[in-house]
Amino acid sequence: AEAREAYVARNPASLAAHVEAAASLPGGNTRTVLFHGPFPLLMARGKGCRLWDADGHGYVDLLGEYTAGLYGHSHPVIRAALDRALDRGWNMGGHGAMEARLARLVCARFPSVELVRFTNSGTEANLMAIATAVAATGRRKVMVFDGAYHGGVLYFGGGGSTVNVPHDWVVAPYNDAAGAAALIEEHAEDLACVLVEPMLGSGGCIPAEPTFLQALRDAADRAGAVLVFDEVMTSRMSAGGQQARLGIAPDMTTLGKYIGGGMSFGAFGGKRALMELYDPRRPDALPHAGTFNNNVLTMHAGVAGLEEVFTAEAADRLFNRGEALRARLDAAAAERGAPVRWTGLGSLMAPHFVRGPVRRPADVADDDPRLRELLFLDMLGRGFYLAKRGMVALSLEVGAAERDGFAAAFADWLDARGRLL
Ligand code: PLP
């Protein structure tokens, strides 16, 4: 209550904006994930790794737009690409040079992606991957995992699925190789695809164990089902995503977030035989339209980001920075005997208010949401902007000084709030 009161007192302009927005947006909101009590901040400006809100408070941005903000704010290379695009016009109702170039870059980075198609979001990419699998196999069932998030309409966490897309879902246990393989076998006759995140992102940055993903690979092959990796979040783990780090190739991959340079983006791709179903030269081609699939701003920004900024070396550096930061945060809790565990991979990490270990969503079921909110609000007060659930997604712009500052602030927070933990 005290942290909420301090928040309300600090943010009068954000409160006024929230009240005004609520007149025409439900709860003042058009992205549920951004809402938190008592009201969310109104962000006014961003530069590099910093954000400023409507009341003039500055923050180190550790949320990184839920991983889409990999390049930080107003990166000069991305900005120059957008300027070039704007100079030449947009909404041309035709193909542009940049879409094939972005497709070539994606296929080169992800060897399992032989052909690719673009969408406007990761949600759409997953819906299209499922549609592809259903069409290719003539089967109806879709296997997903507890704790999974595949988009705003494809959420399987929080103790029950909240899905508003009609599909014949089978929800399997995450990181349970034998259990999931048995379910795949049980449903083999009607299973179109197995859709899995190589790390539960929204579900708390819980990485898939390599043996689990390999078991899915083998069981999907036996069942003749399409294995889809949702790498919308994990694609940043290396130039070729988490699949390259593990050496496990799915049949299809879905992408999104930073690959469009921070503009609206999604992609689905994979084996040639599957993706050729969309070849419009075929009389029986599957439909996949979308006014903005090749939108000029995304295509230009995406190409510039991959070609000039997020190189393979940059990806590895970012991964290592994240691993080092997570180890420091976890060590700060361990040294104090505090019941907090940070899980994640590379530049993505999330805290859990449990003693651990954390391998599956069930391991964090007792996590107290009030402590999560306290960490979030207290960190705002200290000048660090996290996801409301505590997730950190480092952008390329978050420097050593900011990472040191956050590690120190977290250790200090553990000392200040220790009696509540
Ligand atoms: N899949 C995963 C793993 C995600 O984390 C997200 C978004 O957070 C999505 C899909 C949906 O992407 P979008 O928000 O672009 O629709």
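- Under an unreviewed UniProt entry, the name given to the protein is Glutamate-1-semialdehyde 2,1-aminomutase, and the source organism is Craurococcus roseus.
- Quoted straight from UniProt, the Sequence similarities (unreviewed entry) entry for the protein says "Belongs to the class-III pyridoxal-phosphate-dependent aminotransferase family."
- UniProt's Cofactor (unreviewed entry) comment on the protein is quoted here verbatim: "pyridoxal 5'-phosphate".

**Observations concerning the sheet that holds strand S16 (residues 348-352)**
- Taken in spatial order, the three strands make up an open sheet running S15-S16-S18, and their pairing is antiparallel. At either margin of the open sheet sits one strand with a lone partner, and together these are strand S15 (341-345) and strand S18 (392-393).
- Here S15 pairs with S16 via five bridges, running antiparallel. Following the sheet pairing, Trp-342 is matched in S16 by Pro-351.

**Some words on the packing of helix H11 (residues 312-335) against helix H13 (residues 400-417)**
- At a minimum axis distance of 9 Å, the contact between H11 and H13 shows a crossing angle of 15°. With respect to each other, H11 and H13 are oriented roughly parallel. As for how H11 packs across H13, the hand of that crossing is right-handed. Across from Arg-321, Leu-325, Arg-328, Leu-329, Ala-332 and Ala-333 in H11, the residues of H13 making contact are Arg-403, Ala-407, Phe-410, Ala-411 and Leu-414.
- Looking at side-chain class alone, the contact of H11 with H13 contains eight nonpolar, no polar and three charged residues.

**What to know about the packing of helix H1 (residues 2-10) against helix H12 (residues 369-381)**
- Two numbers describe how H1 lies on H12: the axes approach to 10 Å, and their chain directions differ by 40°. The orientation of H1 with respect to H12, classified from their angle, is oblique. In the packing of H1 onto H12, the handedness of the crossing is left-handed. Taking contact as the criterion, the partners of Ala-3, Arg-4, Ala-6 and Tyr-7 in H1 are, on H12, Leu-374, Leu-377, Asp-378, Leu-380 and Gly-381.
- Across the contact of H1 with H12, the residue classes break down as six nonpolar, one polar and two charged.

**Details of helix H4 (residues 97-109)**
- Given a rise of 1.5 Å per residue, 13 residues ought to cover 18 Å, and the 19 Å separating the end C-alpha atoms of H4 matches this to within 8%.
- Buried within H4 are the following residues: Met-98, Glu-99, Leu-102, Ala-103, Val-106 and Arg-109. An end-on view of H4 places all buried positions within 135° of arc, on one side of the element. Of the residues in H4, the exposed ones pointing more than 90 degrees away from the buried face are Ala-97, Ala-100, Arg-104 and Ala-108.
- Where H4 is buried, its residues contact strand S4 (115-119), strand S13 (252-256), strand S14 (266-270) and helix H10 (296-309).

**A closer look at the sheet that holds strand S3 (residues 58-61)**
- Read across the sheet, four strands follow the order S1-S2-S3-S17 without closing on themselves; strand pairing throughout is mixed. Whereas interior strands pair on both sides, the edge strands pair on one side only; in this sheet they are strand S1 (43-47) and strand S17 (384-385).

**Here's the deal with the site of the ligand**
- The full set close to the ligand counts 16 residues, and Ser-121, Gly-122, Thr-123, Gly-151 and Val-232 are the nearest of them.
- Ranked by residue count, the leading element in the shell around the ligand is helix H5 (residues 122-137), at three residues.
- Here the shell around the ligand is composed, by residue class, of four nonpolar, 10 polar and two charged.

What counts as what
Residues numbered from 1 in each chain as written. Predicted model: local features only at pLDDT ≥ 70, side-chain atom pairs only at ≥ 80, totals over all residues. UniProt positions renumbered as here; feature names shortened; annotations may be inferred. Pairing = 2+ DSSP bridges. Helix = DSSP H or I, 4+ residues; strand = E, 2+ residues; numbered from the N terminus. Axes fitted to C-alpha atoms, helices over the stretch in contact; angles between N-to-C directions. Parallel < 35°, antiparallel > 145°, perpendicular 65-115°, else oblique. Left-handed = near helix turned anticlockwise from the far one by under 90°. Contact = placed C-beta atoms within 7 Å. Nonpolar A, V, L, I, M, F, W, Y, C, P; charged D, E, K, R; others polar. Expected span 1.5 Å × (residues − 1). Buried ≥ 20, exposed ≤ 12 C-beta atoms within 10 Å, placed from the backbone. Arc of directions from axis to C-beta. Near = placed C-beta within 6 Å.

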